[in-house]
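# Inside the fold
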Amino acid sequence: MPLSILLGAIGSMGDVHPVIALGRALRARGHRVALATNEHFEAAAAANGLEFVALGTRRDYDELSADPRLWHPRRGLNCILERAVVPTVAPMYRIVEERRGPGFVAAATTLCLGARVAQERLGVPFASLHLQPTVMRSIVDGGLLGPFDFGPGSSALKKRAVLWLADTLVVDRLVAPPLNAFRAGLGLGPVRGIFRDYVHSPQLVLGLFPDWFAPAQPDWPANTHLTGFLMHDEGGSPQEAEAADAFLDGGPAPVLVTPGSAAMDRAAFFRRTARACSALGLRAMLVTNHGEQLPRRLADGARAFAYLPFSRVMPRCAAVAHHGGIGTLAQCVRAGVPQLIVANGFDQPDNGRRAARLGLGLSVGQLRYAAGGAAAALAAVTGSPGMRGRCADYSRRIDVQASLARACSLIEGLA
């Protein structure tokens, strides 16, 4: 029976594109699919045949991206909670409330707390979609949480203390008061431990990554299923694609350099990486929609581009230097290309370490990168036949269609 499925997503391109891929697959299976996300992605939703529902304005998106706190090591989470999470609770709830009915199912990414409230208050079937392993807290092996090692060798007492402090001093302090005020108006009691427990649907939790990247932990929610990476990228400008093809055809495989779609303050990253490429005699493709952060003068063998579909250009690159966002990382794995990850924050340090442990690249800290480590790291990534061989091995493990089919079947099962 065809279902009416509402998908919700909060975040940048790397957060929204996997949900678009899921929406396309669900629509191909005969369902009516709507995507609730920021107006910044309205055209992308329409281009992929999805009904669009606005969850925040373009101005909201631009102001969050330009907020100087966003990538600050201590204030970044506050920025996300204040600008992206709290303001969308009531609107997301109302969207679910208006659309519910027979055959209705909702699925939304981690920060869409309004959908979780709607599940609790209205009884709608709901799946939590978690793109990054760091969202899945574990005292057994929680990976890397910022500067804190939550691996199996670390003290469980220390892990619990760090998480308690993060919840008490940041997440629950900023989110719980407005969230619980909204809940009280619906006749619901207060909640705490929002990122500990509440972000997980009691019905279905989907980790949109493979188990070889982040194995399931015994203290994850019992209803968790790992689907594998879900990937999507747009076609982009035909002129940019033509220019990229000409550049790729014009010489040896280059290094693709990108700091993520939401990063607007990575001038130093571009400058250091471009300089390292030049010193090593490597060509470079610098990719960003925010051209003001690019070096004013590019060396011979370097070329700047706006948005490019990574699935098209990455397989022709020698390596990719990036921020460690899960979407970019997944595209690198599928392309079989080595990665140099210079993490900005949030889930990115953990993503980088997981990729490095699998032998898919190197993860380098910002301080080491700034202190002249860029050239050495790039040389190691581009000069290792063993690393390229491992990348090729893991590329063969990627089956996006199988991952989409699994995710779709699990969501359909909620109905």
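As shown above, the structure is provided for reference.
Residues numbered from 1 in each chain as written. Predicted model: local features only at pLDDT ≥ 70, side-chain atom pairs only at ≥ 80, totals over all residues. Heavy atoms only, no water.

## Description of the sheet that holds strand β8 (residues 204-207)
- With respect to topology, seven strands assemble into an open sheet ordered β3-β2-β1-β4-β5-β8-β9, the strand pairing being parallel. In this open sheet, the two edge strands, each paired with only one partner strand, are β3 (51-54) and β9 (224-226). Within this sheet the neighbouring strands show an average axis-to-axis angle of 20°, counted without direction.
- Two elements, strand β1 (residues 4-8) and strand β2 (residues 32-37), share five bridges in a ladder whose sense is parallel. Within the sheet, the bridge partner assigned to S4 lies in β2 and is R32. (Pairing = 2+ DSSP bridges. Helix = DSSP H or I, 4+ residues; strand = E, 2+ residues; numbered from the N terminus. Axes fitted to C-alpha atoms, helices over the stretch in contact; angles between N-to-C directions.)

## Concerning the sheet that holds strand β15 (residues 361-363)
- The six strands are arranged β12-β11-β10-β13-β14-β15 in an open sheet whose pairing can be described as parallel. Pairing within the sheet leaves two strands with one partner each, and these edge strands are β12 (302-305) and β15. On average, each strand axis in the sheet is tilted by 15° relative to the strand beside it, whichever way the strands run.
- The sheet strands contacting helix α9 (residues 238-249) are β11 (284-287) and β12, and the helix crosses β12 at an angle near 165°. (Contact = heavy atoms within 4.5 Å.)

## Description of the nonpolar core
- Among the nonpolar cores identified, the biggest contains 79 residues, and L7, L22, F213, F229 and L340 are the most heavily contacted of them.
- Per element, the largest residue contribution to this core is eight residues, and it comes from helix α1 (residues 13-28).
- Excluding its chain neighbours within four sequence positions, the residues that come into contact with L7 are V19, L22, G23, L26, V33, A34, L35, A36 and A107.
- With 45 residues, the next largest nonpolar core counts A36, A118, V124 and I194 among its residues. (Core = buried A, V, L, I, M, F, W, Y, C linked by side-chain atoms within 4.5 Å. Buried < 20%, exposed > 50% of the residue type's maximum accessible area, 1.4 Å probe, protein only.)

## Comments concerning the pairing of β2
- For β2, the buried fraction is high: five of the six residues fall into the buried class.
- Once the chain exits β1 it traverses α1 before rejoining the sheet at β2, and the crossover so formed is right-handed.
- Inspection of the sheet shows β2 paired to β3 by four bridges, in the parallel sense. Counted as the bridge partner of A34 is E51 from β3.
- The handedness of the β2 to β3 crossover, carried by helix α2 (residues 42-47), is right-handed. (Right-handed = clockwise from strand over helix to strand, strands pointing away.)

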